[in-house]
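# Inside the fold
Spelled out, the chains give:
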Amino acid sequence: MSKGVKVAIVTGAGSGVGKASSIALAKEGFAVVLAGRRAEQLNEVAGLITKAGGKALAVVSDVTDEASVANLFAQAVKAYGRVDLVFNNAGMGGGGLVEDISLADWKKVVDTNLTGPFLCTREAFRVMKAQKPMGGRIINNGSISAYAPRPNSAPY
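What comes next concerns the included structure.

Calculation notes
- Residues numbered from 1 in each chain as written.
- Predicted model: local features only at pLDDT ≥ 70, side-chain atom pairs only at ≥ 80, totals over all residues.
- Heavy atoms only, no water.
- Helix = DSSP H or I, 4+ residues; strand = E, 2+ residues; numbered from the N terminus.
- Rg over C-alpha atoms; globule rule 2.2 N^0.38 Å.
- Buried < 20%, exposed > 50% of the residue type's maximum accessible area, 1.4 Å probe, protein only.
- Contact = heavy atoms within 4.5 Å.
- Areas by Shrake-Rupley, 256 points an atom, 1.4 Å probe, with all protein chains shown as cover.
- Pairing = 2+ DSSP bridges.
- Axes fitted to C-alpha atoms, helices over the stretch in contact; angles between N-to-C directions.
- Expected span 1.5 Å × (residues − 1).
- Bend = angle between axes of the 7 residues up to and from the residue.

### Some remarks on the overall build of the protein
Per the secondary structure count, the protein includes 4 helices and 5 strands. Since a compact globule built from 156 residues should have a radius of gyration of about 15 Å, the 16 Å found for the protein is in line with a globular shape. For the protein, the spread of C-alpha atoms along the three principal axes comes to 55 × 30 × 25 Å. Among the 156 residues that make up the protein, the fraction classed as buried is 38%. Intrachain contacts of the protein at a sequence separation of at least 6 include 63% that bridge at least 24 residues. Carbon and sulfur atoms form 56% of the exposed surface of the protein, whose accessible area is close to 8,800 Å².

### Some remarks on the sheet that holds strand β5 (residues 137-140)
What the 5 strands build is an open sheet, ordered β3-β2-β1-β4-β5; its pairing is parallel. If you trace the sheet from one side to the other, it starts and ends with β3 (55-60) and β5, each paired once. Direction aside, the axes of adjacent strands within the sheet are offset by 15° on average. Note: strand β1 (residues 6-11) against strand β2 (residues 30-36), 6 bridges, orientation parallel. Bridge pairing in β2 places valine 7 opposite alanine 31. Here helix α1 (residues 16-27) sits on the sheet and contacts β1, β2 and β4 (85-88); the angle it forms with β2, its principal contact strand, is near 165°. Strands in contact with helix α3 (residues 66-80) are β1, β2, β3 and β4; relative to β3, the strand with the most contacts, it is inclined by about 155°.

### Quick notes on helix α4 (residues 103-130)
The end-to-end C-alpha separation of α4 is 38 Å, in line with the 40 Å expected for 28 residues at 1.5 Å each. A maximum bend of about 40° is found in α4 at aspartate 111. Next to the buried residues of α4 lie β1, α3, β4 and β5.

Geometric values such as these leave the question of function open.
This is the structure:
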């Protein structure tokens, strides 16, 4: 661990907003722990960050699984000694007509978009309370759908 380095965990870091945010955080001097389900995409983002002189660690993670989230935070602490920022960004859409949505599809969206941030936030609290200096920041990403819902997107 480098003394004084700030450490960020970004979920959904393999593409889109998560990828862009991870690169931006690295440019600002954060060591970035990239979390997501697809190793190839995470490793690509890590490569972009390290090529530019930044620090990145790819950890294949499933935010809907307690053990996977605990492992993500353990790997971050093992590599960098602390966690200063968590960006809960992993998410997925889903939908269709309400009467046609299966319970399994409903649960997949709800677990990713609600349970995932809860599990990551809970683990962040545990780590951030135990580290010296104590504390950190947690950012929960949302979408425009919070203000302008889309038709046929009930689970989302």
